[in-house]
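# Understanding the architecture of this molecule
The lines below spell out each chain.
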Amino acid sequence: MIKAVVHADWSVGTINRNIYGHFAEHLGRCIYEGLWVGEDSPIPNTDGIRNDVIEALRKLRVPVLRWPGGCFADEYHWKDGIGPRESRKQMINTHWGGVVENNHFGTHEFFRLCELIGAEPYICGNVGSGTVHEMAEWLEYMTSDGDSPMANLRRANGREEPWKLTYFGVGNENWGCGGNMLPEFYADLYRQFQTYAREHGGNKLYKIAGGANSDDYRWTEVMMRKAERHMHGLSLHYYTVPGTWEQKGSSTAFSEDEWFATMHKAMRMDELLTRHGTVMDVHDPAKRVGIIVDEWGTWFDPEPGTNPGFLHQQNTMRDALVAALHLHIFHKHCARVQMANLAQLANVLQAVVLTDGERMLLTPTYHVLEMYNVHQDAEALAIHGQFGECASQGEGGALAQVGVTASRKDGAIHISLYNVDPSRPAELDLELRGVLGAHVIADAKLLSADEMHAHNTFAQPDSVKPQPYTQAAIGQDGKLAAILPPASVAVIRLVPAHSS
Ligand code: AHR
């Protein structure tokens, strides 16, 4: 029997809503087509941004959106993306497919997108090929309310008021595409660049230093030792790649072994957060500096027939499970993890929406994030239990069959569950401790499918979508008994019996 105890009176920290953040890069069809179609497009849009995507993202409750990259950020020169669109400078997007970037989506368009979807902007500055001066001027352009040259340039471009910008990244992957630097060199550069990341008027910045590539603990150690007091957050990038970087595996055609390999790789996020967190604890025991997992998600081989530089992939129930698994891990580490950004928003990697001309679909990953958004800003609860073992393990040894996470907010308790086994259902017995009086199920949703490869297509956009969850009930003993179908994800809302 799989058993869990949720301690409703034992908070392990607050789940920062920004753990549910997203990332949109000038890469493939993410910005252009996925988000931006232009004001003259026949696709219904608001100021050039597609309405169907705006509506989907509002419903998702995207708290924060990172832009313009990724690797693109360290090649981006912001002045190319302001002023009349027809006269903006073009460039070649050398990282991503070698296509022409016309810069029609720039600073003003990004802030408008954030306004329309209700997200906080998170901008990543250019350290790899930019200058301190260029970065300082961008911040002045965006946030100064004074009679300053950049604020006046912004006004000349039609925006009188400064924008509010809190989250600012000083470079991206500076160990790789952002300049191939060593940590000692980047730590010094970070200190220099962030000095001129000024706070104009009442704008307060949360400065994010470029962090490690997966298990590069030395990078974290050097950054914390040399620059801890100059940062609010330190990033971490880790992708779930079932195969190797050369042969990652198909997004839709995979065996059960590959399913398990993917889950094992996804689970690695837990170890990474524990170990990077331990390194950070040495320099920052109070956990002032947040871990910002500003790129995570699945990375498969590109869809056959698409530009390999566009990183376009489908999204199945396997992605849904990977998403759930990551959210459980982020909740567990919420005392240190202050933000996480799924890569990427539309048409790229583990996207939440896919578009094809005027058509748009929601992926299984979208549905998990939407079901789980009830945990945003809630108190994460302590959980203990025996979570079973999967029938087949694939490479990597034992894998718990079931995951449980729970949080408390506004008098309700939300319990999220997954069954990672693609062929066996799971029976779970869950005890809620530390509550006064009986609780009842006020709402319950389930995401499951007949088979593990299930996904949505433009012909059948609703093949995978949440359904009412009917196989969970509170028994006479007050315990929650639930049966989770193979490869499924569920969210249950419990409220005190007297309030239902
Ligand atoms: O998300 C795709 C790319 O992955 C990003 O541009 C880069 O930061 C990372 O290597």
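Counting restarts for each chain, with residues numbered from 1 along the sequence as it is written. Owing to the predicted nature of the model, reporting of local features is limited to residues with pLDDT of at least 70; listing and counting of side-chain atom pairs is limited to 80 or more, with chain, interface and lining totals taken over all residues. Excluding hydrogens and water, the side-chain figures rest on all heavy atoms present in the structure.

This part takes up the overall build of the protein. A run of DSSP states H or I qualifies as a helix once it reaches four residues; a run of E qualifies as a strand once it reaches two. Both are numbered from the N-terminal end. Tallying secondary structure elements over the protein gives 9 helices and 24 strands in all. As defined in this context, the radius of gyration uses C-alpha atoms, and a globule is described by 2.2 Å times the residue total to the power 0.38. By the compact-globule yardstick of 23 Å for 500 residues, the protein fits well, its C-alpha radius of gyration being 23 Å. Viewed in the frame of its principal axes, the protein has a C-alpha envelope of about 70 × 50 × 45 Å. Here the protein, with 500 residues, has 58% of them falling under the buried criterion. Only heavy atoms matter for contacts: two residues are in contact if any of them lie within 4.5 Å across the pair. Counted over contacts in the protein with a minimum sequence separation of 6, partners at least 24 positions apart contribute 76%. Accessible surface area values rest on a Shrake-Rupley calculation with a 1.4 Å probe, where residue burial reflects the displayed protein chains alone. A total of about 19,000 Å² of accessible surface is found on the protein, and carbon and sulfur atoms cover 50% of it. Any residue under 20% of the maximum accessible area for its type is buried, any over 50% is exposed, and the rest in between are partly exposed; the area is computed with a 1.4 Å probe on protein chains only.

What follows deals with the state of the cysteines. Two cysteine sulfurs form what is called a disulfide whenever their separation falls within 2.5 Å. Evaluation of the coordinates by the stated rule reveals 1 disulfide. Between the sulfur of C71 and that of C177 lies a disulfide, 2.2 Å long from S to S. Between C71 and C177, the S-S torsion sits near -85 degrees, and that sign places the bridge as left-handed. Here C71, found in the loop between β5 (64–67) and β6 (91–93), pairs with C177, found in the loop between β9 (167–170) and α5 (183–195); they are 106 residues apart in sequence, far enough to count as distant.

Turning our attention to the pattern of salt bridges. We count a salt bridge whenever a side-chain nitrogen from Lys or Arg sits within 4 Å of a carboxyl oxygen from Asp or Glu. Tallied over the full model, the rule gives 29 salt bridges. Between K332 and D270 there is a salt bridge, with the nearest N and O atoms lying 2.9 Å from each other. With K332 in helix α8 (residues 317–332) and D270 in helix α7 (residues 256–283), this pair connects stretches of sequence that are 62 residues apart. Of the charged contacts, one joins K445 and D443 as a salt bridge, the two residues approaching to 4.0 Å between their closest N and O atoms. Under the relative-accessibility criterion, D443 is labelled partly exposed at 37%. Several salt bridges share partner residues, and in doing so they unite E39, R85, R88 and E109 into one network.

Strands qualify as paired when DSSP identifies two bridges or more between them. Sheet topology note: the strand β1 (residues 2–14)/strand β19 (residues 426–433) ladder contains 6 bridges and is parallel. Within β19, the residue paired with A4 across the bridge is L430. The pairing of β19 with strand β23 (residues 480–484) spans 5 bridges and is classified as antiparallel. Looking across to β23, one finds that D429 is bridged to A481.

This part takes up the environment of L65. Relative to the elements of secondary structure, L65 occurs in strand β5. The class for L65 is buried, based on a relative accessible area of 0%. In this view, L65 contacts H22, F23, A24, F110, L113, C114, I117, A119, E120, P121, Y122 and L345; residues no more than four positions away in its chain are not counted.

Now for the sheet that holds β1. Reading across from one edge, β21-β20-β24-β18-β17-β16-β1-β19-β23-β22 is the order of the 10 strands in this open sheet, with mixed pairing throughout. The open sheet has two edge strands with one neighbour each: β21 (467–468) and β22 (472–474). Here 7 bridges tie strand β18 (residues 412–419) to strand β24 (residues 488–496), and the two strands are oriented antiparallel to one another. When the bridges of β24 are listed, H414 appears paired with R493. Docked against the sheet, α8 engages β16 (379–386), β17 (402–409), β18, β20 (439–447) and β24, running at close to 130 degrees with respect to β18. Between N-to-C directions, angles cover 0 to 180 degrees, with each direction set by a line fitted to C-alpha atoms, over the stretch in contact for helices.

A word on the site of the ligand. Around the ligand, the structure places 13 residues, and the nearest of them are E25, C71, E173, Y239 and E295. Contact between the ligand and Y239: an oxygen atom at 2.7 Å from a side-chain N or O atom of the residue. Within the side chain of E295, one N or O atom sits 2.7 Å away from an oxygen atom of the ligand. Here the shell around the ligand is built from residues that sort into 7 nonpolar, 3 polar and 3 charged. Residues are labelled near a given molecule or strand when at least one of their non-hydrogen atoms is within 4 Å of it. Counting of polar contacts relies on pairs of N or O atoms within 3.5 Å, with two restrictions inside protein: one atom must be capable of donating a hydrogen and the other of accepting it, and residues adjacent in sequence are counted only when both atoms are side-chain atoms. Side-chain classes follow a simple rule in which Ala, Val, Leu, Ile, Met, Phe, Trp, Tyr, Cys and Pro form the nonpolar group, Asp, Glu, Lys and Arg form the charged group, and the remainder, Gly included, forms the polar group.

What is meant by a nonpolar core is a set of buried Ala, Val, Leu, Ile, Met, Phe, Trp, Tyr and Cys residues, joined one to another through side-chain atoms within 4.5 Å. In this structure, M223 and F330 are the most contacted members of the largest nonpolar core, which totals 123 residues. Counting residues per element, this core draws most heavily on α8, at 10 residues. If we ignore the near neighbours within four places in the chain, the residues touching F330 are I19, M269, L273, V293, W296, V337 and A340.

Looking now at unusual backbone geometry. Excluding glycine, residues mostly have negative phi values, and the peptide bonds linking residues are mostly trans. The step from W67 to P68 runs through a cis peptide bond, and the omega angle for that step is 5 degrees. Inspection of the secondary structure assignment puts P68 in the loop between β5 and β6. In this model, G69 is joined to G70 through a cis peptide bond whose omega is 20 degrees. Among the structural elements, G70 can be located in the loop between β5 and β6. Although it is not a glycine, N180 adopts a positive phi angle of roughly 50 degrees. On the secondary structure map, N180 appears in the loop between β9 and α5. Residue classification places N180 among the exposed positions, given a relative accessible area of 64%.

With that settled, the discussion passes to the environment of P485. Along the polypeptide, P485 turns up in the loop between β23 and β24. Look at P485 and you get buried, because its relative accessible area is 17%. Sequence-distant contacts of P485, that is, excluding residues within four places in its chain, are made with N419, P425, L446, S448 and Q471.

Strands sit in the order β2-β5-β8-β9-β10-β11-β12-β13 around a closed barrel of 8 strands; the barrel is parallel. On average, each strand axis in the sheet is inclined to that of its neighbour by 30 degrees, with strand direction left out of account. In terms of strand pairing, strand β11 (residues 233–240) meets strand β12 (residues 290–298) through 7 bridges, oriented parallel. Looking at β12, one finds that T240 is bridged to T298. In the packing of helix α2 (residues 107–117) onto the sheet, contacts are made with β5 and β8 (120–125), and the angle to β8 comes to roughly 150 degrees. Across the sheet, α7 is in contact with β10 (206–213), β11, β12 and β13 (337–343); its angle to β11 comes to roughly 160 degrees.

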